[in-house]
Every structure is written in structure tokens, then in C-alpha cells.
Amino acid sequence: MSLSEFLPLPEELLLLCAHPAHGRFRVPASQFHHVVAGAVLAELVLGGAVTVEKHRITGYQPFGARDEVAAGVLARLEARGKSRFRPWLDQALAQVPDPPGHRFHLDRLTAAGYYAMEEKRFLGLPWRTHRLLRPDLRERTAERVAATLLAPDGGAGRPTAERDRQLAGLIHVASLGHRLYPGRPGAPVRRAARKLAGELPVPRAVQRIRSSSD
């Protein structure tokens, strides 16, 4: 499987939000839209459209966007780029609109057949929920990330290594660690994800924004 065949990071993250028991989509944490914004930016970093160093964006190219949300972020960065001051990562994350937040990517996953939308009624009011149709893909994604994090060489040489590291940092920030890697067996993966969340610029920026918003 080539890297071009992987879903964008925001959508991989949303696949991992399905509850392991009943498969329904569950937002895992408060301020989740900040985590999704981080996934949008991390995907642009992986695609080479954005480069980052510490707390700042150091460069960007108007290519590599796989959807209109990411394309809009690049357009706003290009407009800001006319200034000689490079934007902070925290400012760039604020360029990802909310709404649509996770709804945009969840709708894309539904249209592609990964989630099914179910309509119910509660106290006479319509209520929509989403159920994962491909639990195997959720499991493979979680296992892929774990394999990279637990590899003695840190996943060096694996084609998905950097993608897995970015996703792991976002998993921790989204408070998904215990859901995906429960109990004592999952502790080494959770520790590795927590470490990456503190090291990688994008997850670290998401943590700063969430901390200031809570």
C-alpha cells in the first residue's frame, strides 16, 4: 500500500474515534476541534505543503491539499505570508475553521462508505449517530501506529513511520490512548504517544491551545 492510498490524517483520526464495543463515533475529548485542526496541519506537513520549526511555520507551498479545508488553510497562510513575519503554529491552527470541525471529515468518511449515518429520535427530536462499517480498518490503523512506536529503532525505514508518529501524538492529545490501547498491555504505547505529543511541534501546539481554552 503506497502512502498516497492512506486516508488523510484527520480521517484516520476519526476512524479511531469509533467505540471498540459498538462501533459508534464518539468525540473523545473537549475542544476536539483543536485536535482535528492539528490533524489537518500535520497532514500538510507530511505532504510537504508546510514546514515547521519549533513554534513557527517556516515555509509553505500552495500544493498538497487533498480537500477544501486544507486548501483554505494554505490560502490563508499564503495571504499572511506577504508579511515578513512567519505565523506561529498556534495561529495557523486557528486558521482551520470550526465549524465544520470534525463534521466535514466525518461526512467524507460516510460518503466513502467507512461510516454509516443512523437517524434516531430522542424525546421526539431527531438525533443522528454514525457507526463504523470497517472496524478492521480501525484496528489495522491502531496496530500500525503501535508497531511503529514499539519498534526498537523507532520505526526507522517503515514507510508510514512519520505518519504514525504524528497520529500517535494526536491520539494522546485527543485522550484516545486508553480507548485504543487499554490496560497494562497498552501502557508502553500510551507512554510513547505521550512522549511524542510533547516533542512534535503540531501536537504540542494543540496541547497549548487546549490548555488555554479549558
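Definitions and cut-offs
Residues numbered from 1 in each chain as written. Predicted model: local features only at pLDDT ≥ 70, side-chain atom pairs only at ≥ 80, totals over all residues. Heavy atoms only, no water. Pairing = 2+ DSSP bridges. Helix = DSSP H or I, 4+ residues; strand = E, 2+ residues; numbered from the N terminus. Buried < 20%, exposed > 50% of the residue type's maximum accessible area, 1.4 Å probe, protein only. Axes fitted to C-alpha atoms, helices over the stretch in contact; angles between N-to-C directions. Parallel < 35°, antiparallel > 145°, perpendicular 65-115°, else oblique. Contact = heavy atoms within 4.5 Å. Nonpolar A, V, L, I, M, F, W, Y, C, P; charged D, E, K, R; others polar. Phe/Tyr/Trp six-rings, centres within 6.5 Å; stacked < 30°, edge-to-face > 60°. Lys NZ or Arg CZ within 6 Å of the ring centre and 35° of its normal. Salt bridge = Lys/Arg side-chain N within 4 Å of Asp/Glu carboxyl O.

(A) View of the pairing of strand 1 (residues 50-53). Summarising the sheet, strand 1 and strand 2 (residues 56-60) pair through four bridges and their orientation is antiparallel. Bridge pairing links valine 50 to tyrosine 60 in strand 2. The antiparallel hairpin formed by strand 1 and strand 2 contains two residues in its connecting segment, where lysine 54 sits at a positive phi of about 55 degrees.

(B) Structural view of helix 5 (residues 102-111). Of all the positions in helix 5, only His102, Phe104, His105, Leu106 and Leu109 are classed as buried. Following helix 5 by one or two positions, glycine 113 adopts a phi angle in the positive range, close to 90 degrees.

(C) Layout of the environment of valine 69. In this fold, valine 69 is placed in helix 3 (residues 68-80). In sequence terms valine 69 and proline 97 are 28 residues apart; their C-alpha atoms lie 7.8 Å from each other.

(D) Representation of the packing of helix 6 (residues 135-150) against helix 7 (residues 161-173) in the model. Here helix 6 crosses helix 7 at 105 degrees, and the two axes come no closer than 9 Å. For the element pair helix 6 / helix 7, the angle class is roughly perpendicular. Facing helix 6, whose interface residues are Thr141, Arg144, Val145, Thr148 and Leu149, helix 7 presents Ala161, Arg163, Asp164, Leu167, Ala168 and Ile171. Taken together, the residues of the contact of helix 6 with helix 7 sort by class into six nonpolar, two polar and three charged.

(E) Up close: the side chain of glutamate 11. Among the structural elements, glutamate 11 can be located in helix 1 (residues 9-15). According to the relative accessible area criterion, glutamate 11 is buried, its value standing at 3%. Excluding residues within four positions of it along the chain, glutamate 11 makes contact with His105, Arg108 and Leu109.

(F) Main features of the packing of aromatic side chains. Taken as a whole and assessed by the stated rule, the structure comprises one aromatic pair. One residue, arginine 56, lies across the ring of tryptophan 88, its end atom 3.8 Å from the ring centre.

(G) Structural context of the pattern of salt bridges. Tallying each qualifying case throughout the model produces 13 salt bridges. Note that glutamate 12 is salt-bridged to arginine 144, the shortest N-O span being 2.9 Å. Of this pair, glutamate 12 sits in helix 1 while arginine 144 sits in helix 6, placing them 132 residues apart in sequence. Classification of glutamate 12 as buried rests on a relative accessible area of 3%. You can call arginine 144 buried: its relative accessible area is 12%. Its salt-bridge partner being aspartate 164, residue arginine 144 comes within 2.5 Å of it at the nearest N-O pair.

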